[in-house]
Amino acid sequence: MSGNMLEVIKGQLAGCSDAVYQSIQVHEHSCLLMYIPSIVDTRSLHENITAALKAEAIADHKWPNFLERLDQGSAFSIPYIKAYDAQKAADLIVAGNALLCIEELPFVYYFEISQYQKRAVSQSQNELVVIGPQEAFIEDIESNLSLLRHRIKHPDLKTKHYTIGKYTKTDVYVVYIEGLYKPEVLAEIDETLQGINTDGILGISYLAEYLRHSNFSPFPLYQYTERPDSVAASLMEGRIGILQDGTPSTLLMPTTFFSLLQSSEDYYQSFYAGSWIRLVRFFFSIISMILPSLYVAITTFHSEIIPSNLLITIASARENIPFSALTEAIIMELTFEALREAGTRIPKPVGQTVSIIGGIVIGQAAVQAGIVSAPMVIVVSITGIASYIIPHLELGLTFRLLRFVLLLLGGMMGLIGVFAAAFVIYGHLANLKSFGTPYLQPVAPLIFQDWKDTLFRVPTTLMDKRSSAYTNRNVRRKGKK
């Protein structure tokens, strides 16, 4: 190895006080082993590399020649690869590889023995199910790929590797099943990922920002999941997944509005229970966005449509309230949002307790103090509970944001403002596309065949075709007659 190449490698690692340079003399060959102990498998390093070099150094035989056996790939019990570029060699070291430099060779050998600290595979925290697998992805991408391949044992499961980020050099894998995905979707994802030029990506949401088609739409055009079974099921539908090292979440695309309202548990229960829960989820998802605005609009501008007994009850409850219904709703909604955020940030053992008990105490105290009315507390409480029923956080955040928009329009313009905003939102959704797939498919455009797995689901035996939203090839499921 030329002295210039070694100087470049050491220059790149200057200031890395944890880098180790271990010199070993093997007969007439001067060898230098370079690695960073904290990110390599030290047991493999000592047993398979340093022990082999030291054994070679004290061995009497010199034939076959050490360099010849190195070139033939038989000098060590683990595989090793050549690297000719000094910059690449330095990058390999900080990525967890061990480098072997031999003075007279114009290249280096490197061993892929990286080992980073990682947590064990555990239960999903954000997508809990009662029935079904409990495993969830972790931050180690190799473990995540193994969880996925454990579920799809077929050579058609393909992976495409990318390294993104000038400094982070993050490993990203695009996963798909050959013959099921839409080629134009994979081509677009490939072009986008190859064109990313940034210092680094620390989370899958960084990639999602680059993959967005409409930066001005509040609705998510991709689906996050941390469940291997959800990714496996989606790939078999013809969707494409993106896994990133360092994050337990996976991106799935294309996606539709209705797929974001579905949970993996829908398929682990009977189709009766799954369909009923899905309908309830859809109804309360709409309630979480529109109920406060309807209440404010009706009590402020359209009280004549309220039954007399109920109107008297509401009027008596609001008799001494100093604020308008709109102000009441905004105060309570902002308070509930603050409690929700506080419950997320507070340590888990007390987080949920604080948010639930805090809401009860503050609501009761506000009613007794005459700041807000009891009916408003009920409306906001129902809305808050309904927002938790949305299985995907991104869609839930969108609904929470739009709730305030509808609330302001309902408080200023009544039902006209609420309905006008609802039509604008629906029109926006109808025009939105996720990688060429209409966001509201199969409702707009109307495709009756795909209704088998939308607002309700039919028995698995009757779902003999894949959704046209995700694939246009090999639409009939295998195993069906």
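Help me out: how do you make sense of the packing of helix H14 (residues 393-413) against helix H15 (residues 415-431) in this one?
The description of two helices packed together rests on the angle between their axes and the distance between the axes. Running from N to C, H14 and H15 point in directions that differ by 145 degrees, and their axes come no closer than 6 Å. Contacts between H14 and H15 involve Leu-402, Leu-406, Leu-409, Gly-410 and Met-413 from the former and Leu-415, Ile-416, Gly-417, Val-418, Ala-421, Ala-422 and Ile-425 from the latter. Split into classes, the residues belonging to the contact of H14 with H15 amount to 10 nonpolar, two polar and no charged.

Please explain empty space enclosed by the protein as it appears in this structure.
One way to see where empty space is left: roll a probe the size of a water molecule over the atoms. For the coordinates displayed, the defined rule picks out one cavity of 30 Å³ or more. Considered as a void within the structure, the largest cavity measures approximately 40 Å³ in volume. If you go around the largest cavity, the residues you meet are Phe-258, Leu-261, Arg-278, Phe-282, Thr-454 and Leu-455. Partitioned by chemical class, the residues of the lining of the largest cavity number four nonpolar, one polar and one charged.

Where do I start with the nonpolar core in this structure?
The nonpolar side chains of a soluble globular protein tend to be buried with one another. Counting residues in hydrophobic clusters, the biggest one holds 47 residues, and the most contacted among them are Phe-219 and Ile-242. Sorting elements by how many residues they give to this core places H15 first, with five residues. Setting aside chain neighbours within four positions, we find Phe-219 in contact with Arg-212, Phe-257, Leu-395, Thr-398, Phe-399, Leu-402, Ile-425, His-428, Leu-429, Leu-432 and Tyr-439. In terms of nonpolar packing, the next biggest core, distinct from the first, is built from 23 residues, Val-26, Leu-33, Leu-45 and Ala-75 among them.

I'm lost on a nonpolar patch on the surface in this one. Help?
On the surface, Val-130, Ile-131, Tyr-267 and Tyr-268 cluster together to form a nonpolar patch covering roughly 370 Å² of accessible area. When you line up the elements, Val-130 lands in the loop between strand S5 (108-111) and helix H5 (141-151).

Just to check I follow, could you spell out the pairing of strand S9 (residues 240-244) for this structure?
For a regular strand, side chains alternate in direction, first toward one face of the sheet and then toward the other. With five of five residues buried, S9 is to be regarded as a mostly interior element. Along S9, one buried face is formed by Ile-240, Ile-242 and Gln-244 and the opposite face, lined by Gly-241 and Leu-243, is buried too. As judged from the four bridges shared by strand S7 (residues 170-177) and S9, these two strands associate in the antiparallel manner. Bridged to Tyr-173 within S9 is Leu-243. Sheet topology places S9 next to strand S10 (residues 250-253); four bridges connect them, and they run antiparallel.

Explain the layout of surface pockets to me, please; I cannot follow it from the model alone.
For the second largest pocket, the calculated volume is near 1,000 Å³. As for the second largest pocket, its lining consists of 32 residues, and the residues nearest its centre are Ala-95, Ser-114, Tyr-116, Asp-171 and Asp-245. Every element with two or more residues in the lining of the second largest pocket is listed here: helix H4 (86-94), H5, strand S6 (157-164) and S7. Considering each element in turn, the lining of the second largest pocket owes the most residues, four residues, to H4. Counted by class, the lining of the second largest pocket contains 11 nonpolar, 11 polar and 10 charged residues.

When you look at the sheet that holds S7 in this model, what are you seeing that I'm missing?
Hydrogen bonding along the main chain pairs the strands of a sheet, whether they run parallel or antiparallel. Strand order in the open sheet made by the five strands is S6-S7-S9-S10-S8, with antiparallel pairing throughout. In this open sheet, the two strands that pair with only one neighbour each are S6 and strand S8 (223-225). Neighbour-to-neighbour, the strand axes of this sheet turn through a mean angle of 25 degrees, independent of strand direction. Contacting S6, S7 and S9, H5 runs over the sheet at an angle of about 10 degrees to S7.

Quick notes on the rules
- Residues numbered from 1 in each chain as written.
- Predicted model: local features only at pLDDT ≥ 70, side-chain atom pairs only at ≥ 80, totals over all residues.
- Heavy atoms only, no water.
- Axes fitted to C-alpha atoms, helices over the stretch in contact; angles between N-to-C directions.
- Helix = DSSP H or I, 4+ residues; strand = E, 2+ residues; numbered from the N terminus.
- Contact = heavy atoms within 4.5 Å.
- Nonpolar A, V, L, I, M, F, W, Y, C, P; charged D, E, K, R; others polar.
- 1 Å grid on protein atoms, 1.4 Å probe; cavity = no way out; pocket = protein on both sides within 12 Å on 5 of 7 lines; lining within 4 Å.
- Points joined across faces, edges and corners; volume = space filled by probe spheres on them.
- Core = buried A, V, L, I, M, F, W, Y, C linked by side-chain atoms within 4.5 Å.
- Buried < 20%, exposed > 50% of the residue type's maximum accessible area, 1.4 Å probe, protein only.
- Patch = residues over 30% accessible without salt bridge, like charges linked within 9 Å, V, L, I, M, F, W, Y side chains within 5 Å.
- Areas by Shrake-Rupley, 256 points an atom, 1.4 Å probe, with all protein chains shown as cover.
- Salt bridge = Lys/Arg side-chain N within 4 Å of Asp/Glu carboxyl O.
- Pairing = 2+ DSSP bridges.

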